[in-house]
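Read off the chains here:
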Amino acid sequence: MELNTMHTATVITEAGRVVGVQVDLPAGSRRVGPVAMLRAGPAQTLHRIELELPASLATTDEIERFHAGIAKQLAVPASDKRSAKPPKTRK
């Protein structure tokens, strides 16, 4: 995957938080092996956006900055982890 180019991505948000990002494979690329995809669950919203990938996503801080940038692009307020409510679980 090339850096510094725009990519189409699927983004899942829940309660104002980015909870998942999957970057689409470039057109014409060969898929080898199983294919996985994100699906929005109850109380989640699926977005399709164009984004630029950072040079590195190797640390938690880099991932959090990446998610905050996506939330800003979606106009979804980035939540503070300490004040965010945990997602509801099914019983």
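**A word on the sheet that holds strand β3 (residues 44–52)**
(1) Moving on: Taking strand neighbours across the sheet as the criterion, the three strands line up as β2-β1-β3 in an open arrangement whose pairing is antiparallel. In this open sheet, the two edge strands, each paired with only one partner strand, are β2 (17–23) and β3. Strand-to-strand, the axes of this sheet are offset by a mean angle of 30 degrees, without reference to chain direction.
(2) Moving on: Bridge count for strand β1 (residues 6–14) against β2 is six bridges, and the pairing is antiparallel. Within β2, the position partnered with Ala9 by the bridge is Val23.
(3) Moving on: Contacts from helix α1 (residues 60–73) reach β1, β2 and β3 within the one sheet, and its direction differs from that of β3 by about 105 degrees.

**Some remarks on the pairing of β1**
(1) Moving on: Among the nine residues that make up β1, seven are buried, leaving the element largely enclosed by the rest of the structure.
(2) Moving on: By the bridge criterion, nine bridges tie β1 to β3 in an arrangement that is antiparallel. Considered in β3, the bridge of Glu14 is made with Gln44.
(3) Moving on: Where β1 folds back onto β2 in an antiparallel hairpin, the turn is made up of two residues, including Ala15, whose phi is positive at roughly 50 degrees.

**Observations regarding the environment of Glu52**
(1) Moving on: Mapped onto the secondary structure, Glu52 falls in strand β3.
(2) Moving on: Along the sequence, Glu52 and Thr8 sit 44 residues apart, while their C-alpha atoms lie 8.8 Å from each other.

**Focus on the nonpolar core**
(1) Moving on: Core analysis: the biggest nonpolar cluster contains 10 residues, these being Ala9, Val11, Val18, Ile49, Leu51, Leu53, Phe66, Ile70, Ala71 and Leu74.
(2) Moving on: Looking at this core, the elements that each hand over two or more residues are β1, β3 and α1.
(3) Moving on: Considering every element that reaches this core, the biggest residue donor is α1, with three residues.
(4) Moving on: For Ile49, the residues in contact, after removing those within four places along its chain, are His7, Thr8, Ala9, Val11, Ile70, Gln73 and Leu74.

**Quick word on unusual backbone geometry**
Peptide bonds are, in most cases, trans, and in most cases residues other than glycine have a negative phi.
(1) Moving on: Phi is positive for Ala15, which is not a glycine, with a value near 50 degrees.
(2) Moving on: A relative accessible area of 73% places Ala15 in the exposed class.
(3) Moving on: The phi angle at Ala43 is positive, at roughly 65 degrees, despite the residue not being glycine.
(4) Moving on: Note that Ala43 resides in the loop between β2 and β3.

**What to know about the environment of Ala71**
(1) Moving on: For Ala71, the location among the structural elements is in helix α1.
(2) Moving on: The class for Ala71 is buried, based on a relative accessible area of 3%.

What counts, and at which threshold
- Residues numbered from 1 in each chain as written.
- Predicted model: local features only at pLDDT ≥ 70, side-chain atom pairs only at ≥ 80, totals over all residues.
- Heavy atoms only, no water.
- Pairing = 2+ DSSP bridges.
- Helix = DSSP H or I, 4+ residues; strand = E, 2+ residues; numbered from the N terminus.
- Axes fitted to C-alpha atoms, helices over the stretch in contact; angles between N-to-C directions.
- Contact = heavy atoms within 4.5 Å.
- Buried < 20%, exposed > 50% of the residue type's maximum accessible area, 1.4 Å probe, protein only.
- Core = buried A, V, L, I, M, F, W, Y, C linked by side-chain atoms within 4.5 Å.

All we've got here are geometric facts, nothing functional implied.
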